[in-house]
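Chain by chain, the residues run as shown.
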Amino acid sequence: MEILDKKEQRSKRITKYILIAVSVFFAVTMLIIPLAAVIVNSLREGVSFYFKALSTKYVLSALIVTLIATVLAVLVNTVFGIIASYLLTKFSFKGKNVLSTLIDIPFSISPVIAGLAFIMTFGRLGWASGIIDSINNALGTNIKIVFAIPGVVLATIFVTFPFVSREIIPVLNTIGKDEEEAAALMGAGGFHIFRKITFPHIKWALVYGIILCTARALGEFGAVHALSKTRGETFTLPLEIDALYMSGSADSITSAFAASSLLVLIAVAVLILRNVLEYRAKNKPEKE
């Protein structure tokens, strides 16, 4: 019997080491090496060329547009994600399943199609074109959606739409309604219940959803490409990287890697921030 137990333990140990080796191999091959290659190639011409490539007018403009679109998309989708998650898990109403399905549409539609949909909505031939023209004529403004910053922001919001809500909904379904109903019976208000009971349960799901939303917004290409045609004005970093790389010269390709490294560093910074916040939150009770 002891021999069988030892064989079983040995078999489990071997299986564990094999799984660890396979996981590490895939992580290194698919993640670490490609990202390291980006950093190495970005410094191929030296540090001075690296900073020179990042300080060009086109790259700086693309970085600003990317950050604007990302921040606005994260803000909008965070607010909507919390509201939609609370609505879908705490209330019953007609059309609940329809709303839940609609939230997932960006997962199943190509970003390029989303960009074309916005063009057909807000472009010259779109049904909203007349409304925009009327507003511009009445107010003396020059509001543009397609091929302008608002179009880039709308495209970014669309492709990142489900990320926050889809992280929060499973958590709210798991915790149920018992604590909130008990607090309501004791006279607590709705906002107080959300702040003291609901939010502590969903805060890390919310953080993770925001991180996913941020990462997706930073790297979006297809939908933004359909709605952004002016380099130096409406190009985001992924579009600028593509333009640099497709130009074909050795310097522009190195510049493309330098711009790519910005996205890598921003993503790493976001992950580090998330881990720091999570670590401090977990150790706060121990300090107290």
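Residues numbered from 1 in each chain as written. Predicted model: local features only at pLDDT ≥ 70, side-chain atom pairs only at ≥ 80, totals over all residues. Heavy atoms only, no water.

## Some points on the overall build of the protein
No. 1: In terms of helices and strands, the protein carries 14 helices and 0 strands.
No. 2: Scanning the protein from its N terminus toward the C terminus, one meets helices and strands in the order α-α-α-α-α-α-α-α-α-α-α-α-α-α.
No. 3: Rg of the C-alpha trace for the protein: 24 Å, well past the compact-globule value of 19 Å for 288 residues, more than 25% over.
No. 4: For the protein, the residues scored as buried account for 34% of the 288 residues in total. (Helix = DSSP H or I, 4+ residues; strand = E, 2+ residues; numbered from the N terminus. Rg over C-alpha atoms; globule rule 2.2 N^0.38 Å. Buried < 20%, exposed > 50% of the residue type's maximum accessible area, 1.4 Å probe, protein only.)

## Some remarks on the pattern of salt bridges
No. 1: Inspection of every chain in the model, using the stated rule, returns 3 salt bridges.
No. 2: Note that arginine 166 is salt-bridged to aspartate 104, the shortest N-O span being 2.7 Å. Placement of arginine 166 in helix α9 (residues 163–175) and of aspartate 104 in the loop between α4 (96–103) and α5 (105–108) is noted, with a sequence separation of 62 residues between them.
No. 3: Residue glutamate 240 pairs with arginine 231 through a salt bridge whose shortest N-O separation is 2.7 Å.
No. 4: On the basis of relative accessibility, which here comes to 34%, the residue arginine 231 falls in the partly exposed class. (Salt bridge = Lys/Arg side-chain N within 4 Å of Asp/Glu carboxyl O.)

## Focus: the packing of aromatic side chains
No. 1: Taken as a whole, this structure holds 10 aromatic pairs when the rule is applied.
No. 2: Between the aromatic rings of phenylalanine 118 and phenylalanine 122, the centroid separation amounts to 6.1 Å while the plane-to-plane angle is 15 degrees, which identifies the pairing as stacked. Of this pair, phenylalanine 118 and phenylalanine 122 both sit in helix α6 (residues 111–122), 4 residues apart, roughly one helical turn.
No. 3: By relative accessible area, phenylalanine 118 is classed as buried at 16%.
No. 4: With a relative accessible area of 25%, phenylalanine 122 lands in the partly exposed category.
No. 5: Aromatic rings pair up to connect Tyr86, Phe91, Phe194 and Phe199 into one cluster. (Phe/Tyr/Trp six-rings, centres within 6.5 Å; stacked < 30°, edge-to-face > 60°.)

## Some words on empty space enclosed by the protein
No. 1: For the structure on display, the rule yields 1 cavity of 30 Å³ or more.
No. 2: One number sums up the size of the largest cavity: a volume of about 30 Å³.
No. 3: What lines the largest cavity is simply Thr66, Ala69, Thr70, Thr156, Ala217, Leu218, Glu220, Val224 and Thr236.
No. 4: The set of elements that each furnish at least two residues to the lining of the largest cavity consists of α3 (57–90) and α11 (190–219).
No. 5: With 3 residues, the single largest contributor to the lining of the largest cavity is α3. (1 Å grid on protein atoms, 1.4 Å probe; cavity = no way out; pocket = protein on both sides within 12 Å on 5 of 7 lines; lining within 4 Å. Points joined across faces, edges and corners; volume = space filled by probe spheres on them.)

## What about the domain arrangement of the protein?
No. 1: For the protein, the assigned domains read domain 1 (1–42) and domain 2 (47–283).
No. 2: One C-alpha centre belongs to domain 1, the other to domain 2, and the line joining them spans 34 Å.
No. 3: Across the interface of domain 1 and domain 2, roughly 550 Å² is buried in total on both sides, 81% from carbon and sulfur atoms.
No. 4: For the domain 1 face of the interface with domain 2, the top three residues by lost area are Val38, Asn41 and Ser42, together amounting to 72%.
No. 5: At the junction of domain 1 with domain 2, the criterion picks out 0 residue pairs in polar contact (both at pLDDT 80 or more).
No. 6: Among the residues making up the side of domain 1 that touches domain 2, the classes are represented as 3 nonpolar, 2 polar and no charged. (Domains from an automatic or database assignment. Buried area = accessible area lost by both parts, 1.4 Å probe. Polar contact = N/O pair within 3.5 Å; in protein donor to acceptor, adjacent residues only side chain to side chain. Nonpolar A, V, L, I, M, F, W, Y, C, P; charged D, E, K, R; others polar.)

## Some words on the layout of surface pockets
No. 1: Taken as a whole, the largest pocket spans an internal volume of roughly 380 Å³.
No. 2: As for the largest pocket, its lining consists of 15 residues, of which Phe122, Gly123, Arg124, Val146 and Phe147 are closest to the centre.
No. 3: Among the secondary structure elements, those contributing two or more residues to the lining of the largest pocket are α6 and α7 (129–139).
No. 4: Of the residues that constitute the lining of the largest pocket, the class distribution is 9 nonpolar, 3 polar and 3 charged.
No. 5: Size it by volume and the second largest pocket reaches roughly 270 Å³.
No. 6: Taken together, Leu31, Leu35, Ala215, Leu218, Gly219, Leu263, Val264, Ala267, Val268, Leu271 and Ile272 make up the full set of residues lining the second largest pocket.
No. 7: Contributing elements (two or more residues each) for the lining of the second largest pocket: α1 (2–42), α11 and α14 (250–287).
No. 8: If one sorts the elements of the lining of the second largest pocket by residue count, α14 sits on top with 6 residues.
No. 9: Partitioning the lining of the second largest pocket into residue classes produces 10 nonpolar, 1 polar and no charged.

## Examining α11
At 3.6 residues per turn, the α-helix brings residues three or four places apart onto the same side.
No. 1: Given a rise of 1.5 Å per residue, 30 residues ought to cover 44 Å, yet the end C-alpha atoms of α11 are separated by just 37 Å, more than 12% below that figure.
No. 2: Taken as a whole, α11 carries its principal kink of about 60 degrees at phenylalanine 199; the proline proline 200 stands between one and four residues after it. (Expected span 1.5 Å × (residues − 1). Bend = angle between axes of the 7 residues up to and from the residue.)

## A short note on the packing of α9 against α11
No. 1: Across the interface, α9 lies against α11 with an axial gap of 7 Å and an inter-helix angle of 160 degrees. Between α9 and α11, the angle falls in the class roughly antiparallel. For the pair α9 and α11, the crossing hand works out as right-handed. For the pair α9 and α11, the contacting residues are Phe163, Val164, Glu167, Ile168, Val171, Leu172 and Ile175 in the first and Thr198, His201, Ile202, Ala205, Leu206, Tyr208, Gly209, Ile210, Leu212, Cys213 and Arg216 in the second.
No. 2: For the contact of α9 with α11, the residue count by class is 13 nonpolar, 3 polar and 2 charged. (Axes fitted to C-alpha atoms, helices over the stretch in contact; angles between N-to-C directions. Parallel < 35°, antiparallel > 145°, perpendicular 65-115°, else oblique. Left-handed = near helix turned anticlockwise from the far one by under 90°. Contact = heavy atoms within 4.5 Å.)

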